[in-house]
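Report on the structure
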Amino acid sequence: MRIGQIIEALEQWAPPALQESYDNSGLIVGNTNWESTGVLVALDCLESVVDEAIAKNINLIVAHHPIVFSGLKRFNGRSYIERVVMKAIKHDVAIYAIHTNLDNVLWGVNAKVMEVLGINNHAILSPLKDALKKFEVYVPKEHVEALEQAIFEAGGGKVSAYEECSFRTDGTGSFKGTDGTQPVIGEVGKREFVEEAKLEFIVPSYAASAVERAARAAHPYEEMAYHWLAVGNAATHFGAGAVGDLPQELSFEDFLKKVKSAFDTTIRYTAPAVDMVKKVAVCGGSGSFLLGAAMASGADVFITADYKYHQFLDADGKISILDVGHFESEQFTIDLIADFIEKNFPKFAVLKTEVNTNPIQYY
Ligand SMILES: [Zn+2]
């Protein structure tokens, strides 16, 4: 199994184009052509995790947080980041990060938190804007199926949890080839009328160039007639945070107990906004930027991490913020990634790190 095959599967699930601008998700150290000897999954790729991979003869670490965020100028081992990179290179260990792109998909980091809390039907809390486009293309009727398949395979026609979505209108197209053209149908200098279909697809913006390339390759004409349209639809499958309803409402105190036991942590929280908790918003990691979206969703509570004193005041009695700790809020991501790789590559060695990489201790 090549490392590249595992990365391909991961990127189908969480396309790297969905990562935030400050992020550095992707292959940080290593080569996609290497034969993989196994995968070690961690939240943070610290030096101790690289040591663990070496000891277990594993040459691919898949971590949630990228160990390198910005440019490194020296490699003398003075910082922990340099030491990780140097050791990984020295021992041919690949490091792959799947970070905010895994935060920004419906079945990512926050879906796992929802699952742990027993919330089955969750939605994206803050859907990505400008994440969708519309592709319209005209094609002779007998080529419809082949063109549709090519577009679906390139990532077009996905709407929420539905795949292979398209719309077709039949009509008549016309064209006249001038000198130098080689029309597939008809002859140069004579206007042709052809029974064609107009096909329409919603396409995630990140897949637009792949869809256009695939369509050109599958289209019979020298000049493919097509256009891209901007659509205002929110992408219900891509975006930050998640929101959903508890199967049964709980008193605020019972809800706190449930969260405390699920996350096995110390919770810092603001006063309850309601007596009974029903709607729950979550964002694994630093989620304070989503407080407005959490309030707008009507959530009674917002579970996240990295809150500062003054930010807690923003709850303003309208919602209760529960800060469960950064590591703790994302701890289930290790299971999430490991389960995904195991499911896709059942005969492959997938281990979860035994190193506790949480830098914060509680007294
Ligand atoms: Zn994080």
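Everything here concerns the structure above.
This text gives an overview of the structure that appears in the document. (Residues numbered from 1 in each chain as written. Predicted model: local features only at pLDDT ≥ 70, side-chain atom pairs only at ≥ 80, totals over all residues. Heavy atoms only, no water.)

1. Some words on the packing of aromatic side chains
Evaluated as defined, the whole model comprises nine aromatic pairs. When the centroid spacing of 4.7 Å and the interplanar angle of 40° are considered together, the rings of F135 and W228 count as tilted. Linking F135 in strand β6 (residues 132-140) with W228 in strand β9 (residues 226-230), this pair joins segments that are 93 residues apart in sequence. In this structure F135 comes out as buried when scored by relative accessible area, which is 0%. On the basis of relative accessibility, which here comes to 23%, the residue W228 falls in the partly exposed class. Both rings, one in Y307 and one in F312, keep their centres 5.2 Å apart while their planes meet at 40°; by these two values the pair is tilted. In this structure Y307 comes out as buried when scored by relative accessible area, which is 4%. Cluster of aromatic residues (ring-pair linked, three or more members): F135, Y226 and W228. Positioned over the ring face of W228 is K133, at 5.7 Å from the centre of the ring. (Phe/Tyr/Trp six-rings, centres within 6.5 Å; stacked < 30°, edge-to-face > 60°. Helix = DSSP H or I, 4+ residues; strand = E, 2+ residues; numbered from the N terminus. Buried < 20%, exposed > 50% of the residue type's maximum accessible area, 1.4 Å probe, protein only. Lys NZ or Arg CZ within 6 Å of the ring centre and 35° of its normal.)

2. Re unusual backbone geometry
Although it is not a glycine, N57 adopts a positive phi angle of roughly 55°. The residue N57 is located in the loop between α2 (47-55) and β3 (60-65) in this model. The exposed category is assigned to N57, whose relative accessible area is 55%. The backbone of D130 shows a phi angle near 55°, a positive value even though the residue is not glycine. For D130, the position within the fold is in the loop between β5 (122-128) and β6.

3. Overview of the nonpolar core
The biggest cluster of nonpolar side chains holds 35 residues, and the ones touching the most others in it are L10, V62, I98, L102 and I341. Elements supplying a minimum of two residues to this core: α1 (3-13), β2 (39-44), β3, β4 (94-97), β10 (235-251) and α12 (333-344). Split by domain, the residues of this core number at least three in each of domain 1 (3-99 + 332-352) and domain 3 (132-233). Ignoring anything within four residues of it in the chain, the contact list for V62 reads L10, V39, L40, V41, A42, Y96, I98, I337 and I341. Counting 20 residues, the second-largest nonpolar core is a separate cluster that includes V113, V259, F263 and V301. (Core = buried A, V, L, I, M, F, W, Y, C linked by side-chain atoms within 4.5 Å. Domains from an automatic or database assignment. Contact = heavy atoms within 4.5 Å.)

4. Points about the coordination of the zinc ion
Donor atoms from the polypeptide that bind the zinc ion are H65 (NE2), H326 (NE2), E330 (OE) and E330 (OE), placed at 2.1 to 2.4 Å. Relative to the metal, the four donor atoms surrounding the zinc ion lie at angles of 57 to 127°, and the coordination shape comes out irregular. Mapping the donors of the zinc ion onto the primary sequence gives the spacing H-x260-H-x3-E. In this pair, H65 sits in strand β3 while H326 sits in helix α11 (residues 326-330), placing the two residues 261 residues apart along the sequence. (Donors = N, O, S within 2.8 Å, 3.2 Å for Na, K, Ca; no water. Tetrahedral: all angles 85-135°; square planar, octahedral: opposite > 155°, others 65-115°.)

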